Amino acid sequence: MEFVRVVGDDGRVYFGGNQDWFQSHTRARGGCGPVSGSNVLLMMAWKREDVRAKLGVRISGDGVISQDDYVVFMNDVYDTMGTWEIPVLRWIYDRCRRDNQFFRRVSPNNGRSIYGYVKGVLRFGAQHGLYLKAHALSTVFCDYDTGLSFIRKGLDMCGAVGLLTSYNRHELTLFHGEYNCQDAPYQAPDGMQNHFVTVTGIDLSNGLIRLVVSTWGRIAMIDYAELAASWQYRKALDSALIYFTPATSAETAESIKEAARILRTAVCCSIWKSSDSAKKS
């Protein structure tokens with residue numbers, strides 16, 4: 001499975017970025033969106049020399065970037081994304097232990113937003129002369145075939161697709177080992193909820209359709225049938241799939257407006273439980 005390889009100072013190889021690398025506890029707590037956005041941008045930079053030149057990122061022709069360079073990049077994306085933070089809670093949490101039990105229940109920020117994700121990636125690109133169009137699909141009450149078709153198209157056109165799971169929950173299979181090692185699979189204890197990951201491919205082995213994703217610098221898999229089933233409830237109110245393609249500056253500006261519309265539509269859809277309201281751009 002081809003994806004961005006992040007190499008640490010100790011030589012360990014990671015499958016994309018890890019939000020735990022943020023020095024700030026607050027950023028680490030809600031940094032999944034900026035990391036997914038960074039993964040998508042770096043995947044484009046790897047595959048397109050013009051994108052790599054505009055972003056000024058040091059990623060090799062075989063998709064390798066140092067952990068130090070990745071951390072600088074993801075912090076810049078976080079700043080551009082404007083992740084909402086509560087100042088008092090941020091100040092307290094950044095001076096506590098990262099595993100503080102209170103902040104495991106009460107987040108000092110919110111990195112989970114369709115609009116914030118799209119706006120952050122587009123504005124970050126525009127600041128570097130890279131104009132992109134966002135393709136976003138609200139997945140609350142989204143049907144199985146529509147979601148899978150969107151993912152396949154996004155992977156073909158962009159190489160990576162951002163996946164946001166809202167208050168719906170589904171299982172997440174993790175693996176031990178480095179980069180794309182798939183040895184000793186195990187289930188994340190609490191499954192996946194309120195989290196951004198990056199879809200990097202589709203696995204069709206064993207008669208199943210599973211999404212291959214990057215999360216916490218590791219490869220993971222999501223059973224697509226289970227994911228699609230979790231979209232059929234109001235709890236999936238702002239769940240989404242998102243990818244990006246090169247565009248004009250006017251299309252970039254329009255995409256930001258469209259992201260806000262998609263979020264409003266998703267919330268209304270979850271309230272009125274109308275599957276006809278979930279539409280893609």
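Look up: the structure comes first, before these words.
Let me begin by describing the structure that accompanies this report. (Residues numbered from 1 in each chain as written. Predicted model: local features only at pLDDT ≥ 70, side-chain atom pairs only at ≥ 80, totals over all residues. Heavy atoms only, no water.)

### Points about the packing of aromatic side chains
To describe a pair of aromatic rings, one takes the distance between the centres and the angle between the planes.
Alright, step 1. Per the counting criterion, the structure on display carries 10 aromatic pairs.
Alright, step 2. Note on tyrosine 117 and phenylalanine 196: the rings are 4.4 Å apart at their centroids and 10° apart in plane angle, and the pair reads as stacked. Here tyrosine 117 is found in helix α7 (residues 114-127), whereas its partner phenylalanine 196 is found in strand β10 (residues 195-203), with 79 residues between them in sequence.
Alright, step 3. Arranged with centres 5.9 Å apart and planes meeting at 80°, the rings of tyrosine 224 and tryptophan 231 form a pair that is edge-to-face. Each member of the pair tyrosine 224 and tryptophan 231 is classed as buried.
Alright, step 4. Here a set of aromatic residues connected by ring pairs shows up, and it is made of Tyr14, Trp21 and Tyr70. (Phe/Tyr/Trp six-rings, centres within 6.5 Å; stacked < 30°, edge-to-face > 60°. Helix = DSSP H or I, 4+ residues; strand = E, 2+ residues; numbered from the N terminus. Buried < 20%, exposed > 50% of the residue type's maximum accessible area, 1.4 Å probe, protein only.)

### Brief notes about helix α8 (residues 144-158)
Every α-helix winds through 3.6 residues per turn, so residues three or four apart in the chain are directed the same way.
Alright, step 1. Counted at 1.5 Å a residue, the expected span for α8 with its 15 residues is 21 Å, and the 21 Å between its end C-alpha atoms agrees.
Alright, step 2. Restricting attention to buried positions, one finds in α8 the residues Gly147, Leu148, Phe150, Ile151, Gly154, Leu155 and Cys158. Projected down its long axis, α8 carries its buried residues within an arc of 160°, all on one side. For α8, the exposed residues set more than 90 degrees away from the buried face come down to Asp145 and Asp156.
Alright, step 3. For α8, the N-terminal cap is aspartate 143; the gap from its side-chain oxygen to the backbone nitrogen of aspartate 145 is 3.2 Å.
Alright, step 4. Positive backbone phi, approximately 90°, marks glycine 159, located one or two places after α8. (Expected span 1.5 Å × (residues − 1). Arc of directions from axis to C-beta. Polar contact = N/O pair within 3.5 Å; in protein donor to acceptor, adjacent residues only side chain to side chain.)

### Points about the packing of α7 against helix α10 (residues 249-272)
Alright, step 1. It is at 8 Å that the axes of α7 and α10 come closest, and there the two elements cross at 170°. With respect to each other, α7 and α10 are oriented roughly antiparallel. Counting all contacts with α7, which are made through Ile114, Tyr115, Val118, Lys119, Leu122 and Arg123, the residues of α10 involved are Thr252, Ser255, Ile256, Ala259, Ala260 and Leu263.
Alright, step 2. Looking at the contact of α7 with α10 residue by residue, the classes come out as eight nonpolar, two polar and two charged. (Axes fitted to C-alpha atoms, helices over the stretch in contact; angles between N-to-C directions. Parallel < 35°, antiparallel > 145°, perpendicular 65-115°, else oblique. Contact = heavy atoms within 4.5 Å. Nonpolar A, V, L, I, M, F, W, Y, C, P; charged D, E, K, R; others polar.)

### A few points about the sheet that holds strand β2 (residues 13-15)
Alright, step 1. If you trace the three strands from one edge of the open sheet to the other, you get β2-β1-β3, paired in mixed fashion. Where the open sheet ends on each side, the last strands, each with one partner, are β2 and β3 (64-66). Direction aside, neighbouring strands of the sheet carry axes that sit 35° apart on average.
Alright, step 2. Across three bridges, the pairing between strand β1 (residues 5-7) and β3 is parallel. Among the inter-strand pairings, valine 6 is bridged to a residue of β3, identified as isoleucine 65. (Pairing = 2+ DSSP bridges.)

### Notes on the environment of glutamate 251
Alright, step 1. If you trace the backbone, glutamate 251 turns up in helix α10.
Alright, step 2. Put simply, glutamate 251 and leucine 132 are 119 residues apart on the chain and 7.3 Å apart in space, counted from C-alpha to C-alpha.

### Comments concerning a nonpolar patch on the surface
Alright, step 1. Together, Val267, Ile271 and Trp272 give the surface a local cluster of nonpolar side chains, amounting to about 350 Å² of exposed area.
Alright, step 2. Of note, tryptophan 272 is situated in helix α10. (Patch = residues over 30% accessible without salt bridge, like charges linked within 9 Å, V, L, I, M, F, W, Y side chains within 5 Å. Areas by Shrake-Rupley, 256 points an atom, 1.4 Å probe, with all protein chains shown as cover. Salt bridge = Lys/Arg side-chain N within 4 Å of Asp/Glu carboxyl O.)

### Describing the environment of threonine 165
Alright, step 1. Take threonine 165: it is sitting in strand β7 (residues 161-165).
Alright, step 2. A polar contact is formed between the side chain of threonine 165 and the side chain of histidine 170, at a distance of 2.8 Å.

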